[in-house]
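Okay, here's what each chain looks like letter by letter:
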Amino acid sequence: METVLSGIRPTGNLHLGNYFGALRNFVKMQHEHNCYFFIADYHSLTTNPAPVDLHGNVRQVLIEYLAAGLDPNICTLYIQSNLPEVAELYLLFNMNAYLGELERTTSFKEKLRSQPDNVNAGLLTYPVLMAADILIHKANKVPVGKDQEPHLEMTRNFAKRFNRIYKVNYFPEPVAYNFGDDLIKIPGLDGTGKMGKSEGNGIFLVDDPETIRKKVMHAVTDSGPTIMNQEKPEPIKNLFTIMQAVSKPDTIAYFEEKYNKCEIRYGEMKKQLAEDIISFCSPFRGKILELQKQDKYLHEVVGTGTEKAKASALKTIKEVREIIGFKRF
Ligand code: TRP
């Protein structure tokens, strides 16, 4: 069995894109591997969030992952900042991370451009913290999107470097966990690109039916096909992609046919799509609203997760300290 680990950004509400990208696969994966999922709240400090937002976002993400089906009795679900061992490993890895390689990291260069007023050392060493997250449990598989691949490569470099410096074969060289065909990319409702929180083109799992109807009815379309079987332009293709994810095969076939015969009425299609999204989201929404009231349960979940993650982290830190040469007096 592999040890799989994934870090979740505490971004607040999750949308359909998050669900069909990672979340749904995490839920499956927890039964197949030794899985660690954590909420990366240390990482989120690189943008200096207000204290209320920090806690609120962590709480909401925790609730939504539970609502989506992560089972804290099966996987290890925890919050990064409850594991200060990660911060210690990060400190130790920082001693063998070089300024040049950190400055060359694509994500860092992007931050230089996007937040020039706050280029802090946490941003620079973001990949080192990520390596500590992964290697603290000696994970060998990490589900990440394309944007995170360079970080994973750096993790392998830090692991190899540690092994080389101390002449040990201690850390594994983790690789990306690929969901293959299980990964469905959900586009946004604005006609271009994928669904994202900051893009404002998303449907959240917690959205109420009226909100979903409004959002779908406002989705970008065009004036309709004029040639039989013509290829769909992006905004239309996008609506069909969302439909593929949430609607019944009959429904999809019906609208495909209408489109191909140039008889489609987008208003009708959107109405149907909205109702199918509502049916899809409503069990999640129900659980999310329920969990929001269950402070005691959340407290227990976090307690169990911390305990399990701690056991693994403490073992690694103890061994790493020995390898490095720290000795007790
Ligand atoms: N950097 C990841 C992201 O932006 C989040 C993350 C932090 C992570 N630590 C991790 C992902 C460790 C995988 C493994 O999405």
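Residues numbered from 1 in each chain as written. Predicted model: local features only at pLDDT ≥ 70, side-chain atom pairs only at ≥ 80, totals over all residues. Heavy atoms only, no water.

## A closer look at the site of the ligand
At step 1: The immediate surroundings of the ligand are formed by Leu-5, Gly-7, Arg-9, Phe-38, Ala-40, His-43, Tyr-126, Met-130, Asp-133, Ile-134, Val-142 and Gln-148.
At step 2: In the environment of the ligand, an oxygen atom lies 2.8 Å from a nitrogen or oxygen atom belonging to the side chain of Arg-9.
At step 3: For the ligand, a nitrogen atom lies 2.7 Å from a polar atom in the side chain of Tyr-126.
At step 4: Its free accessible area being 360 Å², the ligand has 94% of it covered by the protein chains.
At step 5: Here the element with the most residues in the shell around the ligand is helix α8 (residues 126–135); it accounts for 4 residues.
At step 6: The residue inventory of the shell around the ligand, partitioned by class, reads 7 nonpolar, 3 polar and 2 charged. (Near = heavy atom within 4 Å. Polar contact = N/O pair within 3.5 Å; in protein donor to acceptor, adjacent residues only side chain to side chain. Areas by Shrake-Rupley, 256 points an atom, 1.4 Å probe, with all protein chains shown as cover. Helix = DSSP H or I, 4+ residues; strand = E, 2+ residues; numbered from the N terminus. Nonpolar A, V, L, I, M, F, W, Y, C, P; charged D, E, K, R; others polar.)

## Focus: the layout of surface pockets
At step 1: A volume near 250 Å³ is recorded for the second largest pocket.
At step 2: Surrounding the second largest pocket, 13 residues form its lining, His-55, Val-58, Arg-59, Ile-79 and Val-302 being those nearest its centre.
At step 3: Those elements that provide at least two residues to the lining of the second largest pocket are α3 (51–68) and α14 (295–324).
At step 4: Ranked by residues supplied to the lining of the second largest pocket, first place goes to α3 with 5 residues. (1 Å grid on protein atoms, 1.4 Å probe; cavity = no way out; pocket = protein on both sides within 12 Å on 5 of 7 lines; lining within 4 Å. Points joined across faces, edges and corners; volume = space filled by probe spheres on them.)

## Focus: the state of the cysteines
At step 1: All told, the structure shown has 0 disulfides when counted by the stated rule.
At step 2: Cys-75 provides the cysteine sulfur closest to Cys-35, a residue in no disulfide bond, and the two sulfurs are 6.9 Å apart. (Disulfide = S-S within 2.5 Å.)

## Structural notes on the domain arrangement of the chain
At step 1: Domain boundaries in the chain define domain 1 (3–184 + 295–324) and domain 2 (209–289).
At step 2: Relative to domain 2, the C-alpha centre of domain 1 lies at a distance of 35 Å.
At step 3: Contact with domain 1, which involves 8 residues of that partner, is made by 8 residues of domain 2.
At step 4: Carbon and sulfur atoms supply 86% of the area that domain 1 and domain 2 bury against each other, a total of about 710 Å² over both sides.
At step 5: Broken down residue by residue, the surface that domain 1 buries against domain 2 is led by Leu-16, Phe-20 and Ala-67, which jointly contribute 59%. (Domains from an automatic or database assignment. Contact = heavy atoms within 4.5 Å. Buried area = accessible area lost by both parts, 1.4 Å probe.)

## Comments concerning α8
At step 1: The element α8 is largely enclosed, with a buried count of 10 among its 10 residues.
At step 2: Residues Tyr-126, Pro-127, Val-128, Leu-129, Met-130, Ala-131, Ala-132, Asp-133, Ile-134 and Leu-135 constitute the buried set of α8. (Buried < 20%, exposed > 50% of the residue type's maximum accessible area, 1.4 Å probe, protein only.)

## Remarks on empty space enclosed by the protein
At step 1: Applying the stated rule across the entire model yields 1 cavity of 30 Å³ or more.
At step 2: When its volume is computed, the largest cavity comes out at roughly 30 Å³.
At step 3: If you go around the largest cavity, the residues you meet are Phe-93, Asn-96, Phe-158, Arg-161 and Phe-162.
At step 4: If one sorts the elements of the lining of the largest cavity by residue count, helix α9 (residues 149–165) sits on top with 3 residues.
At step 5: Among the residues forming the lining of the largest cavity, the class breakdown is 3 nonpolar, 1 polar and 1 charged.

## Details of the environment of Glu-199
At step 1: With respect to the helices and strands, the residue Glu-199 is situated in the loop between β5 (175–176) and α10 (209–217).
At step 2: A relative accessible area of 46% means that Glu-199 is categorised as partly exposed.
At step 3: Sequence spacing of Glu-199 and Leu-189 is 10 residues, and the spatial spacing of their C-alpha atoms is 9.9 Å.

## Quick word on the pattern of salt bridges
At step 1: For the structure shown, the criterion picks out 16 salt bridges.
At step 2: Asp-295 serves as the salt-bridge partner of Arg-59, at 2.7 Å between the closest nitrogen and oxygen. Highlighted residues: Arg-59 in helix α3 and Asp-295 in helix α14, separated in sequence by 236 residues.
At step 3: Overall, Asp-295 belongs to the partly exposed group, its relative accessible area being 49%.
At step 4: The closest approach of N and O atoms between Arg-321 and Glu-88, which form a salt bridge, is 2.7 Å. One end of the pair, Arg-321, is in helix α14; the other, Glu-88, is in helix α4 (residues 84–94), with 233 residues separating them in the sequence.
At step 5: Owing to a relative accessible area of 35%, Arg-321 belongs among the partly exposed residues under this scheme.
At step 6: By relative accessible area, which is 25% here, Glu-88 ends up partly exposed.
At step 7: Among the ionic contacts, a cluster of salt bridges with common partners joins Glu-210, Arg-213 and Glu-275. (Salt bridge = Lys/Arg side-chain N within 4 Å of Asp/Glu carboxyl O.)

## Quick word on the packing of α3 against α14
At step 1: In the contact formed by α3 and α14, the axes pass within 12 Å of each other and the chain directions differ by 85 degrees. With respect to α14, the axis of α3 lies roughly perpendicular. Across the interface between the two elements, Arg-59, Leu-62, Ile-63 and Leu-66 of α3 pack against Asp-295, Tyr-297, Leu-298, Val-301 and Val-302 of α14.
At step 2: The residue makeup of the contact of α3 with α14, split by class, is 7 nonpolar, no polar and 2 charged. (Axes fitted to C-alpha atoms, helices over the stretch in contact; angles between N-to-C directions. Parallel < 35°, antiparallel > 145°, perpendicular 65-115°, else oblique.)

## Digging into the packing of helix α11 (residues 234–246) against helix α13 (residues 266–291)
At step 1: Look at α11 against α13: their axes get within 10 Å of each other, and the N-to-C directions meet at 35 degrees. The hand of the α11/α13 crossing is left-handed. In this structure, α11 contributes Ile-236, Leu-239, Phe-240, Ile-242, Met-243 and Val-246 to the contact, and α13 contributes Tyr-266, Met-269, Lys-270, Gln-272, Leu-273, Asp-276, Ile-277 and Phe-280. (Left-handed = near helix turned anticlockwise from the far one by under 90°.)

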